[in-house]
Amino acid sequence: MSLDSFQFSRRTLLRGMGLGTAAIGASALLAACTPTRSGGSGGSKDELVIMTTAPPTGALLKRQQELAGDPLGVKLRYVSVADATYPSQAAATQQTGDVPDILQWTSQGAASLIGGGVALLPLNDRISSEDDDFYQQDYDAGTVKGDVYAVGTGVSTRVIAYRGDFAADAGPVPTQWSGDEFLAWAAKLKGPNREGYGWEAKTGDGRGSSNFLPLLWSTGARVVVEDGDAWKIGFTKDQLAQVLSFYSDAVYKYSAVTRDVGGWGYPETDGGFQKGNLASYSAGTFITPVVAEYPDTLNNLMTAPLPDFGQQSSFWEQGGLMIHAQSERQDLAWEYISLIRSKELQDANAKDPAFGALSVRRSSNELIEDPVLKTFLASTEFAQAPEPINSHIYMDAVMYPAMQEVTLNQADPKDAADRAMTAMESVMSQINT
Amino acid sequence: MSLITAAPTRTPGATSHKTAGAEGRPGGRKRGRQGSAAYGLFLLPGVILVLGLIVYPIWSGVALSFTQANTFTGDGPFVGFENYASFFELPFWQQLLGNSFIRAIGGAVPSYLLGMLAALALQQRLRYAGAARLIVLLPFVISAPVGIYMWQAVFNPYTGVPAGLGLDIGSLFTNTELVWPTLLFMNAWGSFQFYTILLLAGIQRIPTELYEAASIDGAGAIRSFFTVTFPSIRGISAAALAMHFMGSFQDFSLVYIATGGGPLNTTQTLASYAYQSTFSTGFNLGLGSAIAVLSVLLMVVTMLVLVGIFFAGRALLARSAEQRMLRAQREFAAIGRAPLGMLPPRPPTRPHSDRGWRIARRVWSHVSVLLFVLFALFPILFLLSQAFDGAPPGPGVLRFWPEQFTLDNFVSVFSNPAFWRGEEGASAPLILNLANSAIVTIGVTIVVLALASFGGYALSRWKNAATRIWTSVLVVTQLVPAIILLFPLYLLLADLQLLNTRHGLILITATASLPVATLFFRVYFERSPRELEEAAMLDGAGPIRTFVSIVLPNARTALGAMGAFTLIGTWNEFVFALTFVSDPNVRTFPPQLKQFTATSAFLNETSPGEQAVFLLLPIVTSAILLALTIRHFTAAYEGGGLKE
């Protein structure tokens, strides 16, 4: 049989091609008529160009335009890039001389950007005029070597999100608990086709550090500490082994979760929790939208504090705004940032359940009515901003492999910590470059 | 071929096509010079583009491998072979090499075997064979992220097939023993069709007399396959396996998207590690480039070894066949002394008239085709079921059939303002991204057809050292992994102010397709008859007029084939569109969909049914394109085998 034997009737084929051509032609016309800008993200005088990984949508976008863009007489224009390539794309726009006015990324990303040669404007002078309604962590998160480069628009911390119905017989949740206490409780949440507790451990996952770091910090450690002009390792082998033991015990001592957890990323944790295949995990304020489409989970959503190793801790995760030092509209950009952080806009965000984050203003957070979001407020007091270095480097090269070793290969946590310390030593040169 | 006389040629084919026309008539030498100039002109645009946008970036990539360049700035101090030494100091460098070969061999061989079986099944004369071919080819034109997403859903231990079957086998993607078989199975699902297309064409060209002769000799289906079919497609099999081996060796998307190289580097390959080193861990452009260069060198050496083995094997087979022939001749001579009736009895032939056998064979024909159709459709059926399901999301396993049939998910997606209007200033409507895809696809196809047909024609008619070198350059560019090109290209496009523009994307995507397309047209025009061209030239037509008035109108099939090939390839192109365009108004559909499906709005605020509809969009568009172009598309893979 020849390949020619596959055939529509000639008329059908011609009609199909005609319709296809018409559709393509119409689309081409539509796209050709759409105004575009050549040569990158630099905007016109009446635009503020914001480079981001996730542009706002719906009511939030409208609110930002009305309360922060319109008063300045500018249109907001977002250009979006993939999260993994954000620093390199930001650096590349600088090379073309066609820079965005504002860079919107996580505040701690300022360190990566500066390390990559992206010219950011220090905001020290400008923030000095701000009122004292803002959290200290707001500034800490965007501080690199003493200068503040990023300030926040909204905040998330970490708590344990769990299904109340699955935990009905697991006993009460205390206001603070140790790793062992927590795992013993989480193991009771297991059920048919359901794990008790999970976390992200897949190399490359952007979420895992938010789970791992509070545990490490709760031992009294930091990832790195300043050593003159350089950084040095801020934790000991024993402190790391303590955290790795927690992950190992979750699988092999308490059987709260399958060993497969060593390969989980956020699609597995979010997706498993949504569908009821995972009873608890460390989650941020995004948990409400995560379960919004799943009535059983939404109606039984509860939160608990993170476990700790003596010192209560949580992760201060902040969407930050930075001004490009080569922007010709630096003052305008700061005015925009000030309006974004204004009481009026932050209050409006706090009252809007769809915003899905805490405010950077303490007073605005008092207006939050969403019961789940309210539970995050307690952890703002002890949540810590991550160290101003690129977490991808040490998470991918050191921490994720160690987490995978103890879960997938049942490696001894002390041995895994030993290997991780060696790997961290070699990563430090990269961090300090 | 009369006008190439000014250029020295040593190819017998070209010499045989010389006519007396050019040299024998006054002005013939001048005309020859004009011809050379015209052929040079034909080649020039393609040469400029390939040199500028492929060869130069490759050279930059090699140069970067000797520097301490970081990904942000693209430059750094010269460090000699330090990056290469750093690679060999990695504690798992042997694992990376081993995994690259697992990916390459495991990517090519299972696909080949499946492709062969599918070709044998689909070559049968069945009424629905055309539709079956369309369905079986569909996974081949579905973009990698969508295909991987579907299989991950199918293999999900809690909601996928294992849970549906009551199996507790855990995640296949974190099981160090099962992760490679799983990935290679997924890979085979989307790539065996490459062989099916090629082998179908090869099988259909085998003269039926050979099968009849084998049948008379008592060969059954299996013996016929090994004595007739396989020897006839051995050459095309080797060439296709070599191409696929190279592609699989360089590929990083399967590993990068499905496992990120895990668990514990079990699936990390040179390509995926080079990408990670450059773009996500360490931003070490120098090291990433060094690994990419090593990968190219390793592949070249491997290919040389494989080619050597192939030719040695062929020589061995030829010698063995010769010996068999001599033995047969000796036996025949011995038999020849005996009366005819004393010939040794032939083995009994299979009784083809046997009704039961015929029915069994007919049933098997249908079953084998249906098995491949089901295999191709398997993950898509789950997606379809979800798209038409109105059941509230919650615990449960994937189903082949919706629990509560509804069209609401489609209505919801297509009435979503984001689809038609987008969010002003923040995101473009998806329909605009579709339109961008249409513009870029049409633009690339036009540029590729125009430049490659001219270039391929010039290479087939103008034989000299320069064109032979250029042909080699075009072949060598195919050995280079895309990763080595990305960053130098980014900087180059930035300098040319071509980032975030449709014409920039068209230019780079078209250039990336030019080498293969030019080689395709070169082969096509090499084989096409030249009498008409010679007649036209005798009538005084120059090369341009001859090409435009005579050659091109007669090459409609080749143009259609390469057009369809380019159309579908560009429609699904992902990496360039993602990297070189960040403005949502200019971005094409695949990267925008990928970006959209990674957002919280999609993952969390979109119901599973609506998610399925969004993922079906690119599948349906690919299916429509495939249906409209399947004949040309398959012809392109056959190397322009269809002639006027």
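Rules used in this analysis
- Residues numbered from 1 in each chain as written.
- Chains lettered and ligands numbered in written order.
- Predicted model: local features only at pLDDT ≥ 70, side-chain atom pairs only at ≥ 80, totals over all residues.
- Heavy atoms only, no water.
- Helix = DSSP H or I, 4+ residues; strand = E, 2+ residues; numbered from the N terminus.
- Buried < 20%, exposed > 50% of the residue type's maximum accessible area, 1.4 Å probe, protein only.
- Contact = heavy atoms within 4.5 Å.
- Areas by Shrake-Rupley, 256 points an atom, 1.4 Å probe, with all protein chains shown as cover.
- Pairing = 2+ DSSP bridges.
- Axes fitted to C-alpha atoms, helices over the stretch in contact; angles between N-to-C directions.
- Phe/Tyr/Trp six-rings, centres within 6.5 Å; stacked < 30°, edge-to-face > 60°.
- pLDDT = per-residue confidence, 0-100.
- Salt bridge = Lys/Arg side-chain N within 4 Å of Asp/Glu carboxyl O.
- Right-handed = clockwise from strand over helix to strand, strands pointing away.
- Parallel < 35°, antiparallel > 145°, perpendicular 65-115°, else oblique.
- Left-handed = near helix turned anticlockwise from the far one by under 90°.
- Nonpolar A, V, L, I, M, F, W, Y, C, P; charged D, E, K, R; others polar.
- Core = buried A, V, L, I, M, F, W, Y, C linked by side-chain atoms within 4.5 Å.
- Expected span 1.5 Å × (residues − 1).
- Patch = residues over 30% accessible without salt bridge, like charges linked within 9 Å, V, L, I, M, F, W, Y side chains within 5 Å.

A few words now on the overall build of chain B. Along the backbone of chain B there are 29 helices and zero strands. Counting every position in chain B, which comprises 644 residues, the buried fraction comes to 55%. Across chain B, every contact between residues at least 6 apart in sequence was considered, and the portion connecting residues at least 24 apart equals 75%. Carbon and sulfur atoms form 67% of the exposed surface of chain B, whose accessible area is close to 27900 Å².

The next point concerns the overall build of chain A. On a plain count of helices and strands, chain A comes out with 18 helices and 14 strands. Nonlocal contacts in chain A, meaning residues at least 24 apart in sequence, comprise 77% of its contacts between residues at least 6 apart. Of the roughly 16500 Å² that chain A leaves accessible, carbon and sulfur atoms contribute 51%.

Right, let's get into the sheet that holds strand 1 (residues 47–52) of chain A. Residue and element names in this part refer to chain A. Strands sit in the order 2-1-3-13-6 across an open sheet of five strands; the sheet is mixed. What marks the edges here is a single partner per strand, and that holds for strand 2 (75–80) and strand 6 (151–156). Mean inter-strand twist for the sheet, computed between neighbouring axes without regard to direction, equals 20°. Looking at chain direction, strand 1 and strand 3 (residues 102–106) are connected through two bridges and run parallel. Bridge assignment links isoleucine 50 to a residue of strand 3, and that residue is isoleucine 102.

Okay, the packing of aromatic side chains next. Each aromatic ring pair is specified by the distance between its two centres and by the angle formed by the two planes. Residues and elements named next belong to chain B. In this structure the tally under the stated criterion is 59 aromatic pairs over all chains. Taking 6.1 Å as the distance between ring centres and 55° as the angle between the ring planes, the aromatic pair formed by phenylalanine 155 and phenylalanine 185 counts as tilted. Of this pair, phenylalanine 155 sits in helix 7 (residues 144–155) while phenylalanine 185 is found in helix 9 (residues 179–204), placing the two residues 30 residues apart along the sequence. We classify phenylalanine 155 as buried; its relative accessible area is 14%. Plain terms: the ring middles of phenylalanine 388 and phenylalanine 405 are 5.3 Å apart, the flat faces sit at 5° to each other, and that makes the pair stacked. Note that phenylalanine 388 is positioned in the loop between helix 16 (355–387) and helix 17 (408–414) and phenylalanine 405 in the loop between helix 16 and helix 17, a separation of 17 residues in sequence. Overall, the relative accessible area of 56% leaves phenylalanine 405 in the exposed class. Cluster of aromatic residues (ring-pair linked, three or more members): Tyr39, Phe42, Phe454, Tyr457, Trp462, Phe520, Phe521, Tyr524, Phe525 and Phe547.

All right, on to the confidence of the model for chain A then. Residue and element names in this part refer to chain A. Taken residue by residue, chain A gives an average pLDDT of 86. The fraction at 70 or more is 89%. In the model of chain A, helix 1 (residues 10–33) stands out as the element of lowest mean pLDDT, 43, in contrast to helix 9 (residues 237–252), which has the highest, 98. In the model, residues 1–41 has pLDDT below 50 throughout and makes 64 contacts with residues more than four positions away in sequence or in other chains.

All names here are of chain A. Taken as a whole and assessed by the stated rule, the structure comprises 23 salt bridges over all chains. Taking the shortest distance from any N to any O, the salt bridge between glutamate 200 and arginine 207 comes out at 3.5 Å. In this structure glutamate 200 comes out as buried when scored by relative accessible area, which is 0%. Judged by its relative accessible area of 13%, arginine 207 falls in the buried class.

The next thing to look at is the pairing of strand 2 of chain A. Residue and element names in this part refer to chain A. Most of strand 2 is tucked away, with five of its six residues classed as buried. Relative to strand 2, strand 1 is paired through six bridges, and the arrangement is parallel. Counterpart to leucine 48 in the pairing with strand 2 is leucine 76. Each parallel crossover has a hand, and the one from strand 1 via helix 2 (residues 58–69) to strand 2 is right-handed.

Okay, the packing of helix 5 (residues 93–122) of chain B against helix 16 of chain B next. Residue and element names in this part refer to chain B. Contact geometry of helix 5 with helix 16 gives a least axis separation of 8 Å together with a crossing angle of 130°. Put simply, helix 5 runs oblique to helix 16. Two packed elements cross with a definite hand, and for helix 5 against helix 16 that hand is left-handed. On helix 16, the residues touching Leu114, Leu117, Ala118, Ala121 and Leu122 of helix 5 are Ser368, Val369, Phe372 and Phe375. Broken down by class, the residue content of the contact of helix 5 with helix 16 amounts to eight nonpolar, one polar and no charged.

To continue, consider the nonpolar core. If you look at the biggest cluster of nonpolar residues, it comprises 110 residues, and the most contacted ones within it are Trp199, Phe212, Tyr247, Ile287, Tyr336, Tyr394 and Met424 of chain A. A total of nine residues in this core trace back to one element, the largest contributor, which is helix 17 (residues 391–408) of chain A. For tryptophan 199 of chain A, the residues in contact, after removing those within four places along its chain, are Asn211, Tyr247, Ala250, Val251, Val257, Val261, Trp264, Thr269, Met403 and Thr407 of chain A. Judged by nonpolar contacts, the second largest core, of 89 residues, contains Ile291, Ala292, Leu449 and Ala558 of chain B.

A separate point is the confidence of the model for chain B. Residue and element names in this part refer to chain B. Per-residue confidence for chain B gives a mean pLDDT of 81, with 86% of residues at or over 70. Confidence scores differ between elements of chain B, with helix 1 (residues 12–16) showing the lowest mean pLDDT of 36 and helix 5 the highest of 93. This model gives residues 1–26 a pLDDT under 50, and the stretch forms 53 contacts once residues within four places in sequence are excluded. In the model, residues 345–349 has pLDDT below 50 throughout and makes six contacts with residues more than four positions away in sequence or in other chains.

Another point: the pairing of strand 1 of chain A. In the case of a regular strand, side chains alternate between the two sheet surfaces. When you tally the buried positions in strand 1 of chain A, you get six out of six residues, the bulk of the element. Side chains Glu47, Val49 and Met51 of chain A of strand 1 of chain A all project onto a buried face; the interleaved residues Leu48, Ile50 and Thr52 of chain A project onto the opposite face, where all are buried too.

Let us now look at the sheet that holds strand 7 (residues 159–163) of chain A. Residues and elements named next belong to chain A. Read from one edge to the other, the open sheet built from three strands follows the order 10-7-11, with strand pairing classed as antiparallel. Every other strand in the sheet has two partners, leaving strand 10 (280–283) and strand 11 (301–304) as the edge strands with one partner each. The mean angle between the axes of side-by-side strands here comes to 35°, regardless of whether they run parallel or antiparallel.

Looking now at the side chain of serine 107 of chain A. Residue and element names in this part refer to chain A. Mapped onto the elements of the fold, serine 107 is located in the loop between strand 3 and helix 4 (109–115). Classification of serine 107 as buried rests on a relative accessible area of 0%. Those residues in contact with serine 107, other than ones at most four positions away along the chain, are Ala141, Gly142, Ala150, Val151, Gly152, Gln318, Gly319 and Gly320.

On to helix 9 of chain A. An α-helix turns once every 3.6 residues. As a result, residues three or four positions apart point the same way. With 16 residues, helix 9 of chain A should reach 22 Å at 1.5 Å per residue; the first-to-last C-alpha distance of 21 Å fits that figure. Along its buried surface, helix 9 of chain A packs onto helix 7 (179–187), helix 8 (208–217), helix 17 and helix 18 (413–432) of chain A.

Residue and element names in this part refer to chain B. A grouping of Leu41, Leu44, Ile48, Ile544 and Val548 is seen on the molecular surface, where their side chains present a nonpolar patch of about 450 Å² in accessible area. When you line up the elements, leucine 41 lands in helix 3 (residues 28–64). Here leucine 41 falls in the exposed class, since its relative accessible area comes to 53%.

Residues and elements named next belong to chain B. Contact geometry for helix 6 (residues 129–137) and helix 16: axes closest at 8 Å, N-to-C directions at 35°. Helix-helix and strand crossings are classified by hand; for helix 6 and helix 16 the assignment is left-handed. Residues Ala132, Ile135 and Val136 of helix 6 lie in contact with helix 16, whose contacting residues are Val369, Phe372, Val373, Ala376 and Leu377. In terms of residue class, the contact of helix 6 with helix 16 is built from eight nonpolar, no polar and no charged.

Once that is clear, we can look at unusual backbone geometry. In this structure, the amide linkage connecting glycine 262 of chain B to the following residue, proline 263 of chain B, adopts the cis form with an omega of -5°. Mapped onto the secondary structure, proline 263 of chain B falls in the loop between helix 13 (253–258) and helix 14 (270–279). One non-glycine residue with positive phi stands out, namely lysine 145 of chain A, at about 50°. Turning to its location among the elements, lysine 145 of chain A is positioned in the loop between strand 4 (143–144) and strand 5 (147–148). Taking relative accessible area as the criterion, lysine 145 of chain A reaches 56% and is therefore assigned exposed.

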